[in-house]
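Residue-level listing of the chains:
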Amino acid sequence: MDENRNVSRKKVINSLSWQMFNRAFSIVINFAVQVVLARLIEPKDFGSLAIITTVTGFAGIFVEAGISTSIVQRKNIDESDIFTVLVISLFTASVAYLILFVSAPLISDCYGVLNLTSPLRVLSISIFLNSINSVYTAVYIRNLEFKKLFIRSLVATPFSGAAGILLAFNNCGVWALVSSQLVNSFLTCIMLICSSDVSLKCKFSFEKARQIYSFGGKILLTSVIASLYDTTRTMVIGLKYSGEDLAYYDRAYTYSMYVSQFINMSVSNVLLPLFSRKQDSRFELKNLSRRVTGLSSFCFFPLFMGLAGVAEPLIICVFGMKWRNLIPFFMVFCFLRMSGVVQNIDKQAFYSIGRSDIVLKYSAGSMILNLISLYIVLPYGVFAIALNRLAVELVTACWMMAISSKLTGYTVRSKFYDFRKPLINSMIMFLAVFLFSCVNIAKPLLLLMQIVMGIIIYIGLSLLTRDDNIQYIFEIIKEIMKENAKKNE
């Protein structure tokens, strides 16, 4: 039993390591590309991109959402399952593309942006590519083959970034941004298909489609509802305020999301298969959730609060003074992302036991609250919209914890107990780092000093408060070192 447990732990650590490495590589390269593009392209072009990606992204939800989770969650799948899902995805992509192609001039006229029609039609091609990508990626995730996903990123991400930068140097504006995303989807599709071991059985099954989408359909509705607010918010800001205002909001939201995606995608892709194997034992599911909640909050709470604390020198050093209005938005969204760390763990637990309907109801309630509050704060400016988004996120996070308490037995009190030390220590670290930003020195030096100070303060507080998460991490590191030492012998 102990041997099996150790093997399981090694497989989890290995899978999580490859997935986090994959996400880290993609985020670092994407962020580096965004830095270059932000210095070459004006904020108004990023405002146009925000509108285009919002429209195509919302359409893509109907193609991709629910597929990956359904494939991973099912206990048994075969080639006909995969083929059935792929056929439905491509058919849905065709309908979505046709709608976007026809409506592109209307969207462009609505915003008074003459160059919006062609970029929107071109970027919409990615819907087809992403429909294929989502199916093959789900198979890799199901088999915990995260090393192959990393190799895909190793090729697609740098090449797509280089394409965007090359066009930006030639003053292509929004086309540089559109081309970068399209090239990434195309290369990813080629890599996934070529490296896959799946041999599709060309047999479409309506029965299997019904079984898969009876579960995945709820996730689809959840994703549509969850994205409806973001889509509405972006479109409304674009109509009422300037393209630059939209760019500041959208870029801050996107840059904070890079870190959030790294966390959520890495943890989710590993947690769902693990939780699914524990779905018949609520006791084991709760214990696993508690351990992951503690570790995640220990690692990621200080990361988000640290980013908020160094926001001013970070934004100015990286993007330049023309993006200084981004700073307050970035700070707000860093705080917003913290609650997502805990919420994501609860969602994966719900998915693993087949209760995607719970997440659907939660998303519906959250969207309604967001839309009502958006209508109230809209006249008060774009920053008021950002603060409102943070407030709603905190309220709905408490709601999610209450739901989890009833469904899995992981009580709200226990959850607060598990992340109380990382939260308090991170808050103290943030205050110290943020107040230090008042020192009048060169921004690069200030940024470096703040980072070092934050790390020392947080680790020191964790040791002082005897946070058991740091001890658990040390044990994992020792185990990995022992394994490496045995291999070298």
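Residues numbered from 1 in each chain as written. Predicted model: local features only at pLDDT ≥ 70, side-chain atom pairs only at ≥ 80, totals over all residues. Heavy atoms only, no water.

K.L.:
Help me understand the overall build of the protein chain, please; the structure alone is not making it clear to me.
P.N.:
When its secondary structure is counted, the protein chain shows 18 helices and zero strands. If you take every contact in the protein chain between residues at least 6 apart in sequence, the share linking residues at least 24 apart comes to 84%. Carbon and sulfur atoms make up 66% of the accessible area of the protein chain, which amounts to about 22,400 Å² in all. (Helix = DSSP H or I, 4+ residues; strand = E, 2+ residues; numbered from the N terminus. Contact = heavy atoms within 4.5 Å. Areas by Shrake-Rupley, 256 points an atom, 1.4 Å probe, with all protein chains shown as cover.)

K.L.:
Before we go on, may I ask you to explain unusual backbone geometry in this structure?
P.N.:
Outside of glycine, negative phi angles account for most residues, and trans bonds account for most peptide bonds. Not every positive phi belongs to a glycine, and Asn171 is a case in point at roughly 60°. Even without a glycine there, the phi angle at Arg466 is positive, about 55°. For Arg466, the location among the structural elements is in the loop between helix H17 (443-464) and helix H18 (468-488). You can call Arg466 exposed: its relative accessible area is 72%. (Buried < 20%, exposed > 50% of the residue type's maximum accessible area, 1.4 Å probe, protein only.)

K.L.:
Just checking my understanding: could you explain a nonpolar patch on the surface for this structure?
P.N.:
A cluster of nonpolar residues, Leu445, Leu448, Met449, Val452 and Ile456, forms a patch on the protein surface that exposes about 460 Å² of accessible area. Assessed through its relative accessible area of 57%, Ile456 is described here as exposed. (Patch = residues over 30% accessible without salt bridge, like charges linked within 9 Å, V, L, I, M, F, W, Y side chains within 5 Å. Salt bridge = Lys/Arg side-chain N within 4 Å of Asp/Glu carboxyl O.)

K.L.:
Help me understand the packing of aromatic side chains, please; the structure alone is not making it clear to me.
P.N.:
Geometrically, a pair of aromatic rings is defined through the distance of the ring centres and the angle of the planes. According to the stated counting rule, one finds 14 aromatic pairs in the structure shown. Their ring planes at 80° and their centres at 5.2 Å tell us that Phe335 and Phe430 sit as a pair that is edge-to-face. Residue Phe335 is located in helix H13 (residues 327-352), and its partner Phe430 is located in helix H16 (residues 412-436); the two are separated by 95 residues in the primary sequence. Looking at Phe335, the relative accessible area reads 22%, which means it is partly exposed. For Phe430, a relative accessible area of 12% gives the class buried. Following the ring pairs from residue to residue traces out a cluster consisting of Tyr249, Tyr253, Phe329, Phe333 and Phe383. Here the guanidinium or amino end of Arg233 rests over the ring plane of Tyr253, the centre of that ring lying 4.7 Å away. (Phe/Tyr/Trp six-rings, centres within 6.5 Å; stacked < 30°, edge-to-face > 60°. Lys NZ or Arg CZ within 6 Å of the ring centre and 35° of its normal.)

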